[in-house]
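Structure assessment
So you can see what is in the structure, the chains are spelled out below.
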Amino acid sequence: MAGKVSIENDRPVVQLSKNKTEHSMADDQQTPLVNGEHDTDAASVISSSLSSIESTSPNGKGVDLEGCSASGNGDSNAPSEGAVARLADGASSEADPSEADPNAEDASQQSEVILIQDTGFTIRVAAPGLEPFDLQVSSMELVQEIHQVLMDREDTCHRTCFSLQLDGVQLDNFSELKSIEGLTEGSLIRVVEEPYTAREARIHVRHIRDLLKSLDPADSYNGQDGMSSSFLNTVTNGDILEKKKVHAESMDCTPPDYILPDSKERPLLPLHPICKDNKVSPCLKVLTMSGWNPPPGPRKMHGDLLYLYVITLEDKRYHLTASTKGFYGNQSTEEVFNPKAAQQRHLSHSLIDLLSQISPAFKKNFATLQRKRVQRHPFERVATPYQLYSWVAPVMEHTIDSIRAEDAFSSKLGYEEHIPGQTRDWNEELQTTKELPRKNLPERLLRERAIFKVHSDFVAAATRGAMAVIDGNVMAINPGEDAKMQLFIWNNIFFSLGFDVKDHYKELGGDAAAYVAPGNDLQGVKAYWSVDLEGLYTLGTVVIDYRGYRVTAQSIIPGILEREQEQSVVYGSIDFGKTVVASDKYLEFLSQTAKLLKIKPHKVLNEKDDEVLLCSSIECKGIVGNDQRHYILDLLRTFPPDVNYLPVDDVVYSEETKKMGYPRKHKHSLCCLRQELVDAFVEARYMLFIEHAAYHLQLLRNKRQEKANTPPKEVETGEATAADPPLQGVVCNGHVEAKDGSVGGLCNGHGESDALQSDDAKKMVEAVVESDVESLEDSTRDVVRKAAHAVGSLRDTEFDIRFNPDVFSSGIRFVDADGEELKREKTLVKEAAEFLVGVQIPKMLRHCLEHSSSPIDGYTLSEAMHVRGINMRYLGKIAEMLAEMPQLEYVHTIAVAEMITRAMKHIFKTYMQGVEQLSLAASVSHLLNCYVGAYATPHAADAAEELLSRHSRKKNRRGLKNKRTSVLAADNTDWVHMTPKSLWSDVVAEVRAYYGFELGVDGVDGAVARYGVQKISLLRSLCVRCGVQILLRDYNMESRTRQAFGEDDIVNLFPVVKHVNPKATDAHNFYSTGQVKIQRGFLKEGFEVISEALNLLNNVYGAMHPEIATCLRLIARLNYIMGEHAEAMVQQQKAVLMSERVLGVDHPNTVTEYTHLALYCFANTDISTALKLLYRARYLALLLHGENHPEVALLDSNIGLILHAVGQHDLALRFLQKSLQLNTKYYGEDSMKVAVSFHLKARVQSCLGDFRGALQSEKETFAIYKQQLGEEHDKTKESSECLKHLTQQAVVLQKKMNEIYKGGDKLNDFPPLQISTPSMGSVLDLLNIINGILFVQISPKEIELFRRELERRQGLDIKSDCSQKEVEFQTTTKTDAAQTESAVPSTESSQLDSDASPEAEAADKAAGGDPASLLVSDGLVQTQAAVAPSGVEEVAR
């Protein structure tokens, strides 16, 4: 394989250079390795070189459970200190980008980005049996990375046990190349075969197995080894970068029938298209460990390590010996042990060489497999950090695989780690990585990489352990207890079940509270994790839902199992407030976190009536482990309670809240506000505080200046003047209510205020607040006091909005229970809940109306809610409000479908608990039949009932002995009696109880008819949410004569995993800086910074991560804007592959990535591929939400325009008519998008000769342009000219037709009809407009005016009316939702209000969008139109 792999523990080496924006993964020839499990303890993880984090196998499949893959030089796949620490050259902590403010001035930003020089050179490598070959390396790489390159190259991949030598001196695996004496350009490094050990022999056999299975998709569908599916190259019939251009005449552009507009067909088979090229003939029939293992003592003395058994394709059977010198055949048979070498002695250091000698068919087929393996894109082979599970799987042939069997059944049934000596101490690894130094960029990169790697391994181990617990393969540590109370320890991880143990949650909601508590606790862990306070530790926490059970997996505090809980807890309470203790050290730590998490310290009384100060919720427990670390756990009430779902007597709710139906009683009392809501509320109050104080301070300043007879300095922006009345009163729902009851206009502090919002005002107030209070004049102190009181601050002298999380907890005695302070705390919590329903929910709906947020499915809808701090229990209220907005019909459909899915998830939980393993397939298929099938009386399989009755007989014989069996001992047969009617009755009741929404249906057909939901979408959502994998085939869910699902259609059950997501903080700071530069128009500088951010992301996360996909998408878009169309296609191809691998082949983001790639392919004149990509995107969109969605309108516009370009006018017209229909429905008849749709339709109609229809369509376009832009605008004039041309053509055509009817001979007297296929350039221009990219030529004078306007408005939120759009710079998905999921931060673009320049407004309107941002750079104006598929801003020339 040409090129090299620059790998460091499954990730590429970061190579930062001032003139080089590529990272090592950018080369398609480079192949990153698999993310495997570690075989080391914490001490080796945090060794000076951080060596020994994991072991990998180079083909991207399989994991070396025994260790690493190189010979006797220590663990081979260590992450190099050099790959991170080498960034230190020229770096200093003073120039740390993490401490830079991305919104600072450009001058200060120049020092934010650290670019470190790196030198590359070429060496020669000589391997046994091969001619020396050249290899490009970096001076900062490790020797180990050359090992990995050789283990992946086609001609050297069969070697694992070797060392590298320079001039006869063996090189240290963990040395940087630049530190090796004598290594220069052209140096010759020799590959020297090393003797095997038993461990190295096992590694070699596993590696060979991985090579033989490298094209087998089984691991992807089985959810193993970080493998997942990708179908981009299948959809495009090969790598788009290697394809030859196809002439338009020879292209087959016909879409499948199920893609055509108005098709009701929703097949499932195209979701995972079959790639014929990946079919390869097997190389062997059997490769397994021999039954003669292990070698007896005498043979060990002769160097025998292990024995293998092989059946070749020629049906010959061989017993092979692995010795210290290599592999050879012996004379053993199945019955007779004879370890002597076979007569034809073939001693080979590599097993591949030996097999090639004894089997010609193996040699031939292995060469074919190797060729196809290296042809695959690296992103198709590299493992993902977190396992992705597919909800559909084809029929898979189950083949003999000894390695798989060994993994499953060796060492206590496969439920212990294959680690020599001991299992991993997860807690020590997790905490030690967090203790790594972080003073400068290199140290932080090293630390974050270690944290991410250990955490991803912990998640994998916890998931595997949770499945083992539920499957009954782990013995409880308290086997005598009831099954629901049992606790488990496996692989140094503690597992507990989501049940109410010993009535712990009895008063909070019983099992319902116990089920939701782990999720709340995980949110608390995420919060404290993000604070990352040195000296304070949280437990590794993973929440797993599997087979209806919720399992919490946690790392174990050292010594916790040796002590009683009462003895361990030194902070907090173990009995909900009866006994409370505190510790000075914990108060020191938690007082710091409390400031960042908006938690108010508060005093409570313990059982002795002593005052105890708490800086967290009372349930939060502090335990000092035997390692002397300070741990906090039980963080389920980190955030304040949601009083909208917690009715309390001493709270007076506002009329607005009562009208919305609150407060409501919920199923449990653990309803808390989200951290995003707390942050948004505090930010809104802070803006109100600033505005209120700035206004009154300005009044004071004006009065003083009047006394001094000097003209007052006006505060910039804002419409408040000295004549305005003071803003007094109280704050409610984010508004300041004046004393007269009117609303003062200050709402939410987000661009809706008429009051002061300038930087001057903010600086003025902050200067006052931060100064010495005693030095201030009484009048100034009074201003601050009034402002603090107006916003509900807990302090009179400054802004202080923090929450007491225990304020409504029962059983807690406060020091001053009737005091004013506690009342203010309660009021603040109530106002935060009112802020949610009064501000955040309307704001979200407004964004949907403006199409700045456009949910694709339930996942993106939930993320859109979460990013605004809205809990999912408010979904019913949102659905009610959406029902009154016809323009948001599609969001209403998604919301209802999401409620149904979540209600089904709740039902699935109780439905599956206790179902015996032999009945799992029958029970799940029966549930699906009742859920989405049309068959009225589905029945459970008879075979399962027989087996159940037999089990019951056995159970009776066992009698009471069954009391201490596993969680699954319960004999649950209730599922057999379920009917569609009873299930949907439960669904309706659950939606009513949980969401307060009345579905008003009695079955799936009623839901389809009333709300427009799709059965296939409901099926997909349920399978994804509940971890069900079904057979990949087309299901007839409309049949009323037979069941849609059978037992054989249920392939597997998978876990649904929730966990903390460690972040790459420095990469995010680089990313933010790059975004700011791009928004200010400095495209090239921004591009370079974003590219460096991509390098850092790779450094921390490895090769695969959703945030890397986001970064690749932005880089591709920037390349496209700057005219680098080919490079844009390269980067976007990577983004598509990565999105499919880490998010899923049918994830909403993947649809976006396909759409972008189609545009870039068309720009590179690969029209056939562009259409295939758009067809795929439309199919996925139909699967997710159906045709009634604005995104389908965008896709149809693209498809119709490209079909028009290749002369498929009839097909083009169908898609454009659908696009016009959807745009009219969702944007209104006068929208600019509708005008563009009419224009596109007119173009196609004219090419079909329908000039009358074209004339009518263009008239609609002209009318909209005239109304929106005026008669003098260029677009209006262009449309007028088009009308004249069409009129002329229509007249000519009519005259010709009349002459034909008359039978006259004057046809030649008329001018010919002018019908021409549009040029590719004009089509690309229209595609750019449709997708929100507009190129406008402007003068230098206008550039300067635009720049000044942007500088004036940078960072300001301006009042907007209904005609304006709030267009966000979106980085991860089409919705605000995924902006949160991706940790790469996004920045909002400056918004121009109604007095923006007419040129700017007209330019954007011409693009089919509404007024939006204009960005300037080097003669380019960037305009951002709402039609962009991703919402990403583009540049206009």
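Residues numbered from 1 in each chain as written. Predicted model: local features only at pLDDT ≥ 70, side-chain atom pairs only at ≥ 80, totals over all residues. Heavy atoms only, no water.

Some thoughts on the overall build of the chain
Applicable threshold: Strands are runs of DSSP state E lasting at least two residues, helices are runs of H or I lasting at least four, and both sets are numbered from the N terminus onward. Partly exposed residues are those whose accessible area sits between 20% and 50% of the maximum for their type, while under 20% is buried and over 50% is exposed, using a 1.4 Å probe and protein chains only. The criterion used for residue contact is that any of the two residues' heavy atoms lie within 4.5 Å.
If you tally the helices and strands in the chain, you get 45 helices and 27 strands. Counting all 1437 residues of the chain, 61% fall into the buried class. Put simply, 72% of the contacts in the chain that link residues at least 6 apart link residues at least 24 apart.

Some thoughts on the sheet that holds strand 19 (residues 621-624)
To be explicit about the condition: Here the rule is simple: two strands pair whenever DSSP picks up at least two bridges between them. Here an axis means a line fitted to C-alpha atoms, over the contact stretch when the element is a helix, while the angle between two N-to-C directions is reported on a 0 to 180 degree scale.
Pairing within the open sheet is mixed, and its 4 strands lie in the order 13-20-19-16. Where the open sheet ends on each side, the last strands, each with one partner, are strand 13 (536-538) and strand 16 (569-571). Averaged over all pairs of adjacent strands, the angle between strand axes in this sheet comes to 45°, irrespective of strand direction. As paired elements, strand 19 and strand 20 (residues 630-633) share 4 bridges and run antiparallel to each other. Following the sheet pairing, Gly-622 is matched in strand 20 by Ile-632.

As for the packing of aromatic side chains
One pair of aromatic rings is described through two measures. These are the centre distance and the angle between the planes. What counts is decided by this rule: Under the pairing criterion, centres of Phe, Tyr and Trp rings, with the six-membered ring standing for Trp, must be within 6.5 Å; the plane angle then separates stacked pairs below 30 degrees from edge-to-face pairs above 60, leaving the rest tilted.
According to the stated counting rule, one finds 27 aromatic pairs in the structure shown. Aromatic side chains Phe-689 and Phe-799 sit 5.5 Å apart centroid to centroid with 45° between the ring planes, which places their arrangement in the tilted category. Placement of Phe-689 in helix 19 (residues 675-707) and of Phe-799 in the loop between helix 21 (778-790) and helix 22 (820-849) is noted, with a sequence separation of 110 residues between them. A single burial state applies to Phe-689 and to Phe-799, both of which are buried. Where Tyr-890 meets Tyr-1226, the ring centres are 5.1 Å apart and the plane angle is 80°; that geometry is what we call edge-to-face.

What to know about helix 17 (residues 584-596)
As a reminder, the rule being used: Here a helix's expected span is defined as the number of its residues, less one, multiplied by 1.5 Å.
Between its first and last C-alpha, helix 17 extends 19 Å over 13 residues, near the 18 Å set by a 1.5 Å rise per residue. Turning to helix 17, its buried residues number three or more, namely Tyr-586, Leu-587, Phe-589, Leu-590, Thr-593 and Ala-594. Those residues of helix 17 hidden inside the fold are in contact with helix 15 (511-531), strand 13, strand 16, strand 18 (611-614), strand 19 and strand 20.

Section: the environment of Gln-1245
Looking at the element boundaries, Gln-1245 is found in helix 39 (residues 1232-1247). Considered as a pair, Gln-1245 and Leu-1213 are 32 residues apart in the sequence and their alpha carbons are 7.5 Å apart.

Description of the sheet that holds strand 9 (residues 326-330)
Spatially, 4 strands are ordered 6-7-8-9 in an open sheet, and the strand pairing comes out antiparallel. The two strands at the open ends of the sheet, each matched to only one other strand, are strand 6 (284-289) and strand 9. Strand-to-strand twist in this sheet, taken as the mean axis angle between neighbours without regard to direction, amounts to 30°. Note: strand 8 (residues 317-323) against strand 9, 5 bridges, orientation antiparallel.

Describing the packing of helix 9 (residues 351-358) against helix 10 (residues 360-375)
Put simply, the test is: The cut-offs work like this: below 35 degrees is roughly parallel, past 145 is roughly antiparallel, 65 to 115 is roughly perpendicular, and the gaps in between are oblique.
Viewed as axis vectors pointing N to C, helix 9 and helix 10 meet at an angle of 125°, and their least axial separation amounts to 5 Å. The angle between the axes of helix 9 and helix 10 places the two elements in the oblique class. Residues Ile-352, Leu-355, Ser-356 and Ile-358 of helix 9 form the contact with helix 10, whose participating residues are Pro-360, Phe-362, Lys-363 and Phe-366.

Looking at the packing of helix 37 (residues 1190-1205) against helix 42 (residues 1320-1330)
To keep things clear, this is the line we draw: Think of it as three bins: nonpolar holds Ala, Val, Leu, Ile, Met, Phe, Trp, Tyr, Cys and Pro, charged holds Asp, Glu, Lys and Arg, and polar takes everything else, Gly as well.
Contact pair helix 37 / helix 42: the axes reach a minimum separation of 10 Å and the direction vectors enclose 175°. Judged by the angle between their axes, helix 37 and helix 42 are roughly antiparallel. Here Leu-1194, Ser-1197, Asn-1198, Leu-1201, Ile-1202 and Ala-1205 of helix 37 lie close against helix 42, whose contacting residues are Met-1320, Val-1323, Leu-1326, Leu-1327 and Ile-1330. A class-by-class count of the residues in the contact of helix 37 with helix 42 yields 9 nonpolar, 2 polar and no charged.

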